[in-house]
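An overview of the molecular structure
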Amino acid sequence: MKLGIVGLPNVGKSTLFNSLTKAGAESANYPFCTIDPNIGVVAVPDGRLKALGDMYQSRRVTPAVIEFVDIAGLVKGASKGEGLGNQFLSNIREVDAIVHVVRCFEDANVIHVDGSVNPLRDIETINLELIFADLEVLERRYAKVSKAARMDKTYAKELALLERVKAHLEGGRLAKTMDVEDEDELVLLKEYNLLTYKPVIYAANVAEEDLADDGASNAFVSEVRKFAEIEKSEVFVICAQIEQEISELDEEEKAMFLEDLGLAESGLEKLIRASYSLLGLMSFLTAGEDETRAWTIRVGTKAPQAAGKIHSDFERGFIKAEVVNYKDLLEQGSLAAAREKGLVGMEGKDYVVQDGDVILFRFNV
């Protein structure tokens, strides 16, 4: 999974990236200190892995990972060359979802590029730049399709879709809020790889005192939540400065620090939960002496396709999947004991993998 972190300058974007990845992207109180995209790979926290790894005495424990791309701050007019111009485009096109950091705190010592704190205005600024960028993509496609449409009904249908999408964007609306008429249109819309079609998670960056009640008493956060609900996006509340402090602690210190703040989980854990929910993802597990590992798949994935995540041969030669829930496996202490209690199922090609399944695939190629 690849997430692109965007936001106006000085909203806490690079500070958040630093804390998530410990990659040390330069963070400073002036615009455009992140000129080249920074990339960091982060392990997905998963307590199930350690418990299984300990049980099997695995040589390696391999978590699922998320790749974060910290994209240079955008400003009004970026698509027309303002600020850093549209350098961000190539970096953001390939991400699965956008993490949009919005400033929800007042601080006279941290300048705002537009002079005042207004998260909805900031969201609109970024969205407009993404809309302008998408319109450029559609114009190029339109020029190509309009010629072919004279002789081909398939292209004629696509031309009608392009005209509808273009009108939708020109109305200041995101591509993902547009209704499609059939599966063919849906496939085309995905192929265009529009920035405004990507799912969005809003990171409401608040002051430390707003963390304990998850931003409930912060009027800026309330505005962001209402806005996100309308466009069916996720929101999580974070204090980027606190996250940076947490990132420098070991696990025991981190647990104590979170408890002192009245928090059940870190911002990274909130973000990962929101990302998995928004993208419809989950993890199944494999466990043994060599390795215990988490594999990320889409909710609803069937056993052969889950096997293919490990190796294409597993999917091609799939016979059966030996499946046990991780809780049952840990309680019984071994796969053999779980089998004796009838807790292990032999599942076929139609089995839909569940979150937390520990699977041993049987295959023959």
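Quick note: structure is the one above.
Residues numbered from 1 in each chain as written. Predicted model: local features only at pLDDT ≥ 70, side-chain atom pairs only at ≥ 80, totals over all residues. Heavy atoms only, no water.

Concerning the overall build of the chain
This is how it is decided: Helix numbers and strand numbers start at the N terminus; a helix is a DSSP run of H or I with at least 4 residues, a strand a run of E with at least 2. Three labels apply to residues, based on accessible area from a 1.4 Å probe with only protein chains included: buried if under 20% of the type maximum, exposed if over 50%, partly exposed otherwise in between. In what follows, a contact means two residues having at least one pair of non-hydrogen atoms within 4.5 Å. All accessible-area figures derive from a Shrake-Rupley calculation using a 1.4 Å probe, and residue coverage is judged against the displayed protein chains alone.
Assigned secondary structure in the chain consists of 14 helices and 12 strands. Here the chain holds 365 residues, and 47% of them are scored as buried. Taking the intrachain contacts of the chain between residues at least 6 apart in sequence as the baseline, contacts between residues at least 24 apart amount to 68%. Per element, the accessible surface of the chain, about 18,000 Å² overall, is 49% carbon and sulfur.

Examining the packing of aromatic side chains
Here a ring pair, both rings aromatic, is described through the centre-centre distance and the interplanar angle of the planes. Cut-off, in case you're wondering: Side-chain rings of Phe, Tyr and Trp (the six-membered ring for Trp) are treated as a pair once their centres are within 6.5 Å; stacked means planes under 30 degrees apart, edge-to-face means over 60, and tilted covers the remaining angles. Charge over a ring is defined by NZ of Lys or CZ of Arg lying within 6 Å of the ring centre and within 35 degrees of the ring normal.
Evaluated as defined, the whole model comprises five aromatic pairs. The structure contains a cluster of three or more aromatic residues connected by ring pairs, namely F284, W295, F318 and F361. In this arrangement the basic side chain of R48 is found over the ring face of Y326, its NZ or CZ atom lying 5.5 Å from the centre. The ring centre of W295 lies 4.1 Å from the NZ or CZ of R293, which sits over that ring.

A look at the packing of helix 1 (residues 13-21) against helix 8 (residues 240-247)
Stated precisely, the cut-off is as follows: Note on method: axes are straight lines fitted to C-alpha atoms, helices fitted across the in-contact stretch only, with angles between N-to-C directions ranging 0 to 180 degrees. Here roughly perpendicular refers to angles of 65 to 115 degrees, roughly parallel to angles under 35, roughly antiparallel to angles over 145, and oblique to all remaining angles. What makes a crossing left-handed is the near helix being turned counterclockwise from the far one by less than a right angle; a clockwise turn instead makes it right-handed.
Running from N to C, helix 1 and helix 8 cross one another at 25 degrees; their axes reach a closest spacing of 8 Å. One finds that helix 1 runs roughly parallel with respect to helix 8. For the pair helix 1 and helix 8, the sense of crossing is left-handed. Of helix 8, the residues touching helix 1 (which contributes T15, L16, N18 and S19) are A240, Q241, E243, Q244 and S247.

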